[in-house]
Amino acid sequence: MTRKQKRLAVIGGGVAFLVAAVLLVMFAFSQSIAYFYVPGDLAKASVPPGTRIRLGGLVEDGTVKRGEGSTVTFTVTDTLATVPVTYTGILPDLFREGQGVVAEGAFGTDGLFVADTVLAKHDETYMPKDVADRLKAQGVELSGKETIK
């Protein structure tokens, strides 16, 4: 091999390594992406069962029901549409009706959203920015308590 051929082989190997690294990173990110929706968006979008998403909105008053063990069912709303949610686990201490919530999980084949993570607001003046922005876009009036941080 001449010097020129060795140099081209090293450069080609480096480029192949970089391409492989970029492809691995892209594959890892595609597996962990969870798109954010509010109930009104889900009426327009077609989300296939099993696709991981984040569902945000307000916990509808009167819908929190405790089942067997640590299973809880509730409804998330943006006042335009509602989505029934089931969650098995310990809910955050600040989870309650009428408050902002983000649930991460997937729809089952029966149309029920099965959450594996539930996030609640962390104090009286906070609502997740994505939830507040989407609710405002849907025309929901937020009281002065739910400020965006």
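Worth saying up front: this structure is predicted, and the values here are computed from it rather than measured.

Rules and cut-offs
- Residues numbered from 1 in each chain as written.
- Predicted model: local features only at pLDDT ≥ 70, side-chain atom pairs only at ≥ 80, totals over all residues.
- Heavy atoms only, no water.
- Helix = DSSP H or I, 4+ residues; strand = E, 2+ residues; numbered from the N terminus.
- Buried < 20%, exposed > 50% of the residue type's maximum accessible area, 1.4 Å probe, protein only.
- Contact = heavy atoms within 4.5 Å.
- Areas by Shrake-Rupley, 256 points an atom, 1.4 Å probe, with all protein chains shown as cover.
- Arc of directions from axis to C-beta.
- Pairing = 2+ DSSP bridges.
- Patch = residues over 30% accessible without salt bridge, like charges linked within 9 Å, V, L, I, M, F, W, Y side chains within 5 Å.
- Salt bridge = Lys/Arg side-chain N within 4 Å of Asp/Glu carboxyl O.
- pLDDT = per-residue confidence, 0-100.
- Phe/Tyr/Trp six-rings, centres within 6.5 Å; stacked < 30°, edge-to-face > 60°.
- Core = buried A, V, L, I, M, F, W, Y, C linked by side-chain atoms within 4.5 Å.

### A look at the overall build of the chain
Looking only at helices and strands, one finds 3 helices and 9 strands in the chain. Of all 149 residues assigned to the chain, the portion counted as buried reaches 34%. A separation of at least 24 residues holds for 50% of the contacts in the chain among residues at least 6 apart in sequence. Roughly 9,400 Å² of accessible area belongs to the chain as shown, and the carbon and sulfur atoms make up 60% of that amount.

### Some details on helix H3 (residues 129-137)
Along an α-helix, residues three or four apart share an orientation, since each turn contains 3.6 residues. When H3 is considered as a whole, its buried residues turn out to be Val131, Ala132 and Leu135. End-on view of H3: buried residues confined to an arc of 95°, all on one side of the axis. After H3 finishes, the residue Gly139 shows a positive phi value of roughly 90°.

### Some points on the pairing of strand E4 (residues 71-77)
Among the 7 residues in E4, 5 count as buried, and that is most of the element. In this sheet, E4 lies alongside strand E2 (residues 52-59) in antiparallel orientation, the contact comprising 2 bridges. Counterpart to Leu58 in the pairing with E4 is Thr77. Where E4 meets strand E5 (residues 82-88), 7 bridges bridge the pair, whose relative direction is antiparallel. Counterpart to Thr75 in the pairing with E5 is Pro84. As consecutive antiparallel partners, E4 and E5 are separated by 4 residues, and within that stretch Thr79 has a phi angle of approximately 70°, a positive value.

### Some thoughts on a nonpolar patch on the surface
Together, Ile11, Val15, Val19, Val22, Leu23 and Met26 make up a nonpolar patch on the protein surface, roughly 550 Å² of accessible area in all. Residue placement: Val15 occurs in helix H1 (residues 3-32).

### Quick look at the confidence of the model for the chain
Across the chain, pLDDT averages 83, with 85% of residues at or above 70. Taken together, the stretch residues 145-149 has pLDDT below 50 and engages in 17 contacts with residues farther than four places along the chain or on a different chain.

### Let's talk about the packing of aromatic side chains
Tallied over the full model, the rule gives 2 aromatic pairs. Measuring from centroid to centroid gives 4.9 Å for Phe74 and Phe95, while their planes differ by 65°, and the two rings are edge-to-face. A residue pair is termed long-range when its members are at least 10 positions apart, and Phe74 in strand E4 and Phe95 in the loop between E5 and strand E6 (100-107) qualify at 21 residues. We note that Phe74, like Phe95, is buried. Geometrically, the ring pair formed by Phe107 and Phe113 is edge-to-face, given 5.2 Å between the ring centres and 70° between the ring planes. When sorted by exposure, Phe107 lands in the same class as Phe113, which is buried.

### Quick notes on the nonpolar core
By size, the foremost hydrophobic cluster in this structure holds 20 residues, and its most contacted members are Leu42, Phe74, Phe113 and Val118. Looking at this core, the elements with two or more residues in it are E2, E4, E5, E6 and strand E7 (113-120).

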